[in-house]
Amino acid sequence: AELKKLKRAKFDETVEVHMNLGIDVTQSDQMVRGAIPLPHGIGKARKVAVFAQGDNVAKAKEAGADFVGGADLVEKVNKENFLDFDVAIATQDMMGQVSRLGKGLGPRGPMPTPKAGTVGPANGDLAAARREFKAGKVEYRSDKCGQIHAGVGKMSFDDEKLAANITVFVEQVRNAKPSGVKGVFVLGVTLSATMCPGIKVAI
């Protein structure tokens, strides 16, 4: 029923899930963060940047990454505020340099982190990581208000596919409940799109 209300819109907008969590945002151990591949993707091409060095530069390029570099790419992001990508992946041996970008990448979202699966060993499978995020692996993290927001598909998706994406995402977050959280964890879930009002979902 909620999906039918959303689909009255005339535009093929991104459908977003908004979750209000019962966490204490002042406690760092209650921050909720991760990544999950959605079964039907998100209906949007995503640009992937890979921070790598040595042989991994060629591997990342062969894997089809949109932007690849080591110290040069770090400097471009740092000095030129280059942010023309949706996902950033880094090999572990690059994190000493990439960590300098936390101020710029952190607030926007694409800062590489092990919790989101965007930091891998120097000899890891960069091709697999790139494929997952290109195909629709979604990162999520709680904000300073204790909420999570994420795009989970397009209005043009079949109802069944969109519902499957939403269910998988909500269950992933529900299962990521920090051990320090007491009481109700998921306080509410709302679906929305850019041209539509929010629709509350019964949970």
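This section reports on the structure supplied with the text. Since the structure is predicted, the reported quantities are computational estimates derived from the model, not experimental observations.

Overview of the sheet that holds strand S10 (residues 196-201)
- Taken together, the four strands give an open sheet; going across it, the order is S8-S1-S9-S10, and neighbouring strands pair in antiparallel fashion. What marks the edges here is a single partner per strand, and that holds for strand S8 (147-154) and S10. Across the sheet, the mean angle from the axis of one strand to that of its neighbour is 25 degrees, orientation sign disregarded.
- Pairing analysis gives seven bridges linking strand S1 (residues 14-21) to S8, with the strands arranged antiparallel. Across the sheet, residue Asn 20 finds its bridge partner in S8, namely Gln 147.
- Contacts from helix H7 (residues 159-174) reach S1, S8 and strand S9 (186-193) within the one sheet, and its direction differs from that of S8 by about 155 degrees.

Re the nonpolar core
- Of all hydrophobic cores here, the largest spans 28 residues; its most connected members are Val 17, Met 19, Leu 21, Ile 148 and Phe 169.
- Elements represented by at least two residues in this core include exactly S1, strand S7 (137-141), S8, H7 and S9.
- The contact partners of Phe 169, leaving out residues within four places of it in the chain, are Val 17, Met 19, Ile 36, Leu 38, Val 138, Tyr 140, Ile 148, Ala 150 and Val 152.
- Counting 16 residues, the second largest nonpolar core, distinct from the first, contains Ala 49, Val 74, Val 77 and Leu 101.

Describing the sheet that holds strand S4 (residues 67-69)
- Strand order in this open sheet of four strands is S4-S3-S5-S6, and the pairing throughout is parallel. Every interior strand has two partners, whereas the edge strands, S4 and strand S6 (119-120), have only one.
- In the sheet, strand S3 (residues 48-51) pairs with strand S5 (residues 87-91) via four bridges, with the strands oriented parallel. Bridging from a neighbouring strand, Phe 51 pairs with Ala 90 of S5.
- Of the strands in this sheet, S3 and S5 touch helix H6 (residues 126-135), which is tilted by about 165 degrees from S5.

Quick word on the packing of aromatic side chains
- Throughout the structure, instances matching the rule amount to three aromatic pairs.
- On the basis of an interplanar angle of 85 degrees and a centroid distance of 5.7 Å, the ring pair of Tyr 140 and Phe 169 is categorised as edge-to-face. Note that Tyr 140 is positioned in strand S7 and Phe 169 in helix H7, a separation of 29 residues in sequence. Of the two residues, Tyr 140 and Phe 169, neither departs from the other in class, the shared state being buried.

Considerations on the environment of Glu 75
- Residue placement: Glu 75 occurs in helix H3 (residues 71-80).
- The exposure class of Glu 75 is partly exposed, given its relative accessible area of 26%.
- In contact with Glu 75, other than residues within four places in its own chain, are Glu 80 and Arg 100.

Comments concerning the pattern of salt bridges
- Under the defined criterion, the tally for this structure stands at four salt bridges.
- Linking Glu 75 and Lys 79 is a salt bridge whose minimum nitrogen-to-oxygen distance equals 3.3 Å. Taken together, the residues Glu 75 and Lys 79, both in helix H3 and four residues apart, mark about one turn of the helix.
- Residue Glu 75 pairs with Arg 100 through a salt bridge whose shortest N-O separation is 2.8 Å. With Glu 75 in helix H3 and Arg 100 in the loop between helix H4 (95-98) and helix H5 (102-105), this pair connects stretches of sequence that are 25 residues apart.
- Overlapping salt bridges, with partners in common, bring together Glu 75, Lys 79 and Arg 100 in one network.

Reading the values: the criteria
Residues numbered from 1 in each chain as written. Predicted model: local features only at pLDDT ≥ 70, side-chain atom pairs only at ≥ 80, totals over all residues. Heavy atoms only, no water. Pairing = 2+ DSSP bridges. Helix = DSSP H or I, 4+ residues; strand = E, 2+ residues; numbered from the N terminus. Axes fitted to C-alpha atoms, helices over the stretch in contact; angles between N-to-C directions. Contact = heavy atoms within 4.5 Å. Core = buried A, V, L, I, M, F, W, Y, C linked by side-chain atoms within 4.5 Å. Buried < 20%, exposed > 50% of the residue type's maximum accessible area, 1.4 Å probe, protein only. Phe/Tyr/Trp six-rings, centres within 6.5 Å; stacked < 30°, edge-to-face > 60°. Salt bridge = Lys/Arg side-chain N within 4 Å of Asp/Glu carboxyl O.

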